[in-house]
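Working through the structure, step by step
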Amino acid sequence: MRVTMLDGGHFTSAAGIWRRGEDMERQVRYPIPAYLIEVGEERILVDTGLHPDAAADARRHYEGAESIKAFKLDQEVAVAEQVDLGSLTKVVLTHLHFDHAGGSALLPSSLPVYVQRREWEAGADPEAIAHNFFLPRDYEGLADQVVLVEGDHDLLSDGSVELLSTPGHTPGHQSVRVGDELIIGGDVTHFASGLDDHRLPIFGDDLDVQLASAERLRALRDAGAEVRPGHDPDVLAPGPVLG
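1. Considering the pattern of salt bridges
This structure, assessed with the given rule, holds 17 salt bridges. One salt bridge connects R29 with D74, and the closest N-O pair in it is separated by 2.7 Å. A residue pair is termed long-range when its members are at least 10 positions apart, and R29 in strand 2 (residues 27–39) and D74 in strand 4 (residues 72–74) qualify at 45 residues. If you follow the salt bridges from partner to partner, you end up with D196, E215, R218, R221 and D222 in one network.

Written as structure tokens, this is what we have:
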């Protein structure tokens, strides 16, 4: 089994948005991770990073969406250029935010894309779209290839890769457990320290539910698993993670 972190791009924005108590005037450049899981004949992509057009001109790509104004996006190379998309067998989206689902439009139309049912339904509801800052252009073209799951899900039916329901940041956020050693946490916490200090972003679908998800991942960490945070610049760098 092998897991590699890919470079999904970066966003720069106010530190205080992403960790309560930080300075709103301080700008920080945050990494956007995507992951390639290789186990047996399976090659599973977890998240797709930014869309290259969004990195080049976010306001034009998203037709002036107000929520994008808080970010400066940049990307040296798209996820689609770091992995042979034709060799992939599955894609998992932790959630539908633009930095996790943005590159989905570049995926082959035959690839199954695994999303929690609650997340997908929220992504089609105007009120939930506005509340969660979803940008439908990122994912609306996936309708024919989405595989909806509900709660925890054994992705390969052998216990090696499991989708974990970890809502709160968004309605149907999910994390990915790889063996007993690694949890790709998505945005349950943006920083590794968030599992302990609970200094979560100032926005989210349901803070209490997100804190419960953080406690779930903290328990897995305390039992010996590495939990990868969402956007911690002091922790995340492209390259081998496991194997």
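2. Section: the sheet that holds strand 12 (residues 226–228)
Strand pairs in the sheet, formed through backbone hydrogen bonds, run parallel or antiparallel to each other. Strand order in the open sheet made by the 5 strands is 8-9-10-11-12, with mixed pairing throughout. At either end of the open sheet lies a strand with only one pairing partner, and these are strand 8 (153–154) and strand 12. Summarising the sheet, strand 9 (residues 161–165) and strand 10 (residues 174–178) pair through 5 bridges and their orientation is antiparallel. Paired with L163 across the strands is V176, a residue of strand 10. Most of the contacts of helix 8 (residues 207–222) go to strand 9, to which it runs at about 145°, and overall it touches strand 9, strand 10, strand 11 (182–184) and strand 12.

3. Observations concerning the environment of S87
Within the secondary structure, S87 is located in the loop between strand 4 and strand 5 (90–92). S87 sits 43 residues away from I44 along the chain, and the two C-alpha atoms are 9.4 Å apart. Here D84 takes part through its backbone oxygen, which lies 2.7 Å from a polar atom of the side chain of S87.

4. Structural notes on the side chain of H100
Structurally, H100 is set in helix 4 (residues 98–101). Residue classification places H100 among the buried residues on the basis of a relative accessible area of 1%. There is a polar contact of 3.4 Å between the side chain of H100 and the side chain of D99. A polar side-chain atom of H100 sits 3.3 Å from a polar atom in the side chain of H231. Beyond its immediate stretch of four places on either side in the chain, H100 contacts D47, T48, G49, L93, T94, H95, D187 and H231.

5. Digging into the pairing of strand 1 (residues 2–14)
On a regular strand, each side chain points to the face opposite its neighbour's, so the side chains alternate between the two faces of the sheet. Extensive coverage of strand 1 is indicated by the burial of 11 of its 13 residues. Note that strand 1 and strand 13 (residues 239–242) share 3 bridges and pair antiparallel. Bridging from a neighbouring strand, T4 pairs with P240 of strand 13. In this structure, strand 1 lies alongside strand 4, joined through 3 bridges in antiparallel fashion. Within the sheet, the bridge partner assigned to F11 lies in strand 4 and is L73.

6. As for the environment of V241
Among the secondary structure elements, V241 is positioned in strand 13. With relative accessibility at 19%, the residue V241 sits in the buried group. Distance from V241 to M5, taken between C-alpha atoms, is 6.5 Å for residues 236 residues apart in sequence. Excluding its chain neighbours within four sequence positions, the residues that come into contact with V241 are V3, T4, M5, Y35, L182, E226 and R228.

Calculation notes
- Residues numbered from 1 in each chain as written.
- Predicted model: local features only at pLDDT ≥ 70, side-chain atom pairs only at ≥ 80, totals over all residues.
- Heavy atoms only, no water.
- Salt bridge = Lys/Arg side-chain N within 4 Å of Asp/Glu carboxyl O.
- Helix = DSSP H or I, 4+ residues; strand = E, 2+ residues; numbered from the N terminus.
- Pairing = 2+ DSSP bridges.
- Contact = heavy atoms within 4.5 Å.
- Axes fitted to C-alpha atoms, helices over the stretch in contact; angles between N-to-C directions.
- Polar contact = N/O pair within 3.5 Å; in protein donor to acceptor, adjacent residues only side chain to side chain.
- Buried < 20%, exposed > 50% of the residue type's maximum accessible area, 1.4 Å probe, protein only.

Scope: geometric values only; no functional claims are made or implied.
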